[in-house]
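# Summary of structural features
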Amino acid sequence: MTHSFRTVHKNFSLARINTIAGNTLLELIRLKVFYFLLLFALLIIGSSAFMVNFTFQEQFQVLKDVSLGAMSIFTWLLAVLSTAMLLPKDIEDRTLYTILAKPVPRFEYLLGKLLGVLLLLLVATLLMSAMFAGALYLRQQMVIAATLHGVSPDQVQEAIRAIRAETFTASLVPGVVAIYLKAALCAAVTLFISTFATSWIFTILISVMVYFIGHIQSTAREYWLASGDGSQLAKIFMFFVTLIFPDLQLFNLVDDIVAGNAIHLLMFWKTVGLGVSYLGVYLLAAYFVFANKEL
Amino acid sequence: MTTPAIAIRNLTKVFPIPFKRERVVAVKNLSLEVEAGQVYGLLGPNGSGKSTTMKIVLGLVSPSSGSTEIFGRNSTSVESREDVGFLPENPYFYKYLTGAETVRFYGKLCGLHGAKLKDRTGELLKLVGLEEACDRRLGGYSKGMLQRIGLAQALIQDPRLLVLDEPTAGVDPAGSREIRDLILDFKSRGITVLLCSHLLGHVQEICDRIGILHQGVLVREGKLADLISIENQTELILEDSSPELIEEIEKLILKSKARLVEKRKPQTTLERFFLEVTGGKP
């Protein structure tokens, strides 16, 4: 018998990871997860109903606040809900057996799954950003049209410049990147939890807890340190909480964007670095648990 | 001496019970070899350790002690799986993929791509008789079709060893017969098959050798023909024999020290009868 279809095994293969990532993305798309975008569109349209008596600065602020806030929540929900079921479903359906019975290292399987979710989050973030930009542009045109009636011809250019400066501010891009990174980090945390969790409900519950701890830990830490009555044990506890749970508040740039504050580039890149590092750490932690898991 | 397809040496697997001091011994000091080209039946009641043994062979579960090898390579190494195709019991592949997409997915995992992958996918879909259903999503496949697509994915990288866990479970007699014929076809192509099944009739028809596990211990092992033949009995099946000839034989038996244990008309199997009635291939 000839073995013409046999290939040489590689210890690490981007093609295999790509195959698993592509399949994960396809799985999530065919589960029709993008229907939530309709909800996002409705939210943006709905927010316009409250803007009748606002100044144009306030109108842009409300639109940015609602849209970026919704993007942050939706990407997080998408990250947790889509990641939580990936591993348990593959185990329950025994699909995981057929994949790992092929020459596929467990690390590649996990990385492929995570990359699939990250791709989904990227597509979702881009689509929501496009919808947000479209809504912002429409609002800008409406404000310009309304302003042209009320100002003298020599002030038109100045008024339009002022409106445009308030619409697409430079801080929007880092704000959206931070939203994506936070969701990606939450996906990695969820993947890690799902490697040892007994059910996907448990995975989701723990992921939600991590999300809240991640958001309140900086406030709690500051309060604790400011009060000055923390014992040595409490300090050690706080240190481990800070170490294990990423400070998700760092990724929240929405307030600064809405207030019109400039985002410091160095601070932003530090946040990106921290997010990517935590993502890598959680992926590795997931691998160490999954590598020894009895299937 | 050729390298065995599977070599299991002093294999023991103990599962601790969480939050208790008790432990479950799933497999106890198991040693056996499956020669290349054989169809080997691993039998045993539920909970006897068959699935655990198979999972250890496939590297899905790690042994507590002992070792398993596939064509001389330790099962714990990922490379050993180049030589294996696996069909688990009641598999549910990705329902959102079509038959062809499923086979291609597994092919890509094994490093196939381009024309090679396309050719192999087409070849296997034809082999398992799913050419016409290849563009339908698996969500609409019957149980038998799922088992056949499972066989196609197991064969994608042209493995030398197939591990099949209850390949005919839940499949109707016609589908079951087709899968059995496919296994015999694999054997004729030189592929080694490790088969776990509760359907002993099927095992008897296709296996060269069997091992029986009971409570994690290998209680019997050997050539099927040797294990089930009754040494002090002989079976004669005559066609178109006259009553006189039968009478003559019976007289000869009476004159000898032998004893006529049973005289009866041979019967076809219920499966054969079912397939004839329903128009299937007997």
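These lines cover the structure that appears in this document, whether it is placed above or below. Quantities reported herein were computed from a predicted structural model and do not represent experimental measurements.

## Looking at the overall build of chain A
Check the secondary structure of chain A and you find 12 helices and zero strands. From first element to last, N terminus to C terminus, chain A shows the α and β order α-α-α-α-α-α-α-α-α-α-α-α. For chain A, buried positions account for 35% of its 295 residues. Restricting the contact set of chain A to residue pairs at least 6 apart, pairs at least 24 apart contribute 84%.

## Here's the deal with the overall build of chain B
Each helix and strand in chain B was counted, giving nine helices and 10 strands. By its C-alpha atoms, chain B is 70 × 50 × 45 Å across when sized along the principal axes. Looking at the 282 residues of chain B, the share that counts as buried comes to 39%.

## So, the sheet that holds strand β7 (residues 161-165) of chain B
Residues and elements named next belong to chain B. Ordered in space as β6-β7-β8-β3-β9-β10, the six strands form an open sheet in which the pairing is mixed. The open sheet has two edge strands with one neighbour each: β6 (84-87) and β10 (217-223). Adjacent strand axes in the sheet meet at a mean angle of 15 degrees, parallel and antiparallel pairs treated alike. Here β7 runs beside strand β8 (residues 192-196); their pairing, made up of five bridges, is parallel. When the bridges of β8 are listed, Leu 164 appears paired with Leu 195. Running over the sheet, helix α1 (residues 50-57) touches β3 (39-43), β7, β8 and β9 (209-214) and is turned about 150 degrees from β7.

## Looking at the pairing of strand β2 (residues 23-34) of chain B
All names here are of chain B. Relative to β2, strand β1 (residues 6-16) is paired through eight bridges, and the arrangement is antiparallel. Pairing of Lys 13 across the sheet is with Val 27, part of β2. Counting the residues between successive antiparallel strands, the hairpin from β1 to β2 contains six residues, one of them, Phe 19, with a positive phi of roughly 65 degrees.

## Quick word on the packing of helix α2 (residues 99-109) of chain B against helix α3 (residues 114-127) of chain B
Residues and elements named next belong to chain B. As a packed pair, α2 and α3 sit with axes 10 Å apart at the nearest point and diverge in direction by 130 degrees. Judged by the inter-axis angle, α2 sits oblique to α3. Every pair of crossing elements has a handedness; the one defined by α2 and α3 is right-handed. Two secondary-structure elements touch here, α2 through Gly 99, Ala 100, Val 103, Arg 104, Gly 107 and Lys 108 and α3 through Leu 117, Arg 120, Thr 121, Leu 124 and Leu 125. Among the residues forming the contact of α2 with α3, the class breakdown is five nonpolar, three polar and three charged.

## Details of the sheet that holds strand β5 (residues 73-74) of chain B
Two strands in a sheet stick together by hydrogen bonds in their backbones, pointing the same way (parallel) or opposite ways (antiparallel). Residue and element names in this part refer to chain B. The sheet built from four strands is open, its strands ordered β2-β1-β4-β5 with antiparallel pairing. In this open sheet, the two strands that pair with only one neighbour each are β2 and β5. By the bridge criterion, five bridges tie β1 to strand β4 (residues 65-70) in an arrangement that is antiparallel. Its bridge partner lying in β4, Arg 9 is registered against Ser 67.

## Concerning the interface of chain B and chain A
Across the contact, 30 residues belong to chain B and 27 residues belong to chain A. The element contributing the most residues to the side of chain B that touches chain A is α2 of chain B, with four residues. Among the residues forming the side of chain B that touches chain A, the class breakdown is 17 nonpolar, four polar and nine charged.

## Focus: unusual backbone geometry
Most peptide bonds adopt trans geometry, and most residues besides glycine take a negative phi value. All names here are of chain B. Even without a glycine there, the phi angle at Asn 10 is positive, about 45 degrees. With respect to the secondary-structure elements, Asn 10 resides in strand β1. Of note, Asp 240 is a non-glycine position whose phi angle comes to about 55 degrees, a positive value. Locating Asp 240 in the fold gives a position in the loop between α7 (224-228) and α8 (243-255). Of the residues examined, Asp 240 has 5 C-beta atoms within 10 Å and is grouped as exposed.

## Some points on helix α4 (residues 143-155) of chain B
Compared with the 18 Å implied by 1.5 Å per residue over 13 residues, the 19 Å span of α4 of chain B between its first and last C-alpha is a close match. Counted residue by residue, α4 of chain B has 10 buried out of 13 residues, so it is predominantly covered. Turning to α4 of chain B, its buried residues number three or more, namely Leu 146, Gln 147, Arg 148, Ile 149, Gly 150, Leu 151, Ala 152, Gln 153, Ala 154 and Leu 155 of chain B. Its buried side turned inward, α4 of chain B meets α5 (95-100) of chain A together with β6, α2, α3, β7 and α5 (173-188) of chain B.

Parameters and conventions
- Residues numbered from 1 in each chain as written.
- Chains lettered and ligands numbered in written order.
- Predicted model: local features only at pLDDT ≥ 70, side-chain atom pairs only at ≥ 80, totals over all residues.
- Helix = DSSP H or I, 4+ residues; strand = E, 2+ residues; numbered from the N terminus.
- Buried ≥ 20, exposed ≤ 12 C-beta atoms within 10 Å, placed from the backbone.
- Contact = placed C-beta atoms within 7 Å.
- Pairing = 2+ DSSP bridges.
- Axes fitted to C-alpha atoms, helices over the stretch in contact; angles between N-to-C directions.
- Parallel < 35°, antiparallel > 145°, perpendicular 65-115°, else oblique.
- Left-handed = near helix turned anticlockwise from the far one by under 90°.
- Nonpolar A, V, L, I, M, F, W, Y, C, P; charged D, E, K, R; others polar.
- Expected span 1.5 Å × (residues − 1).

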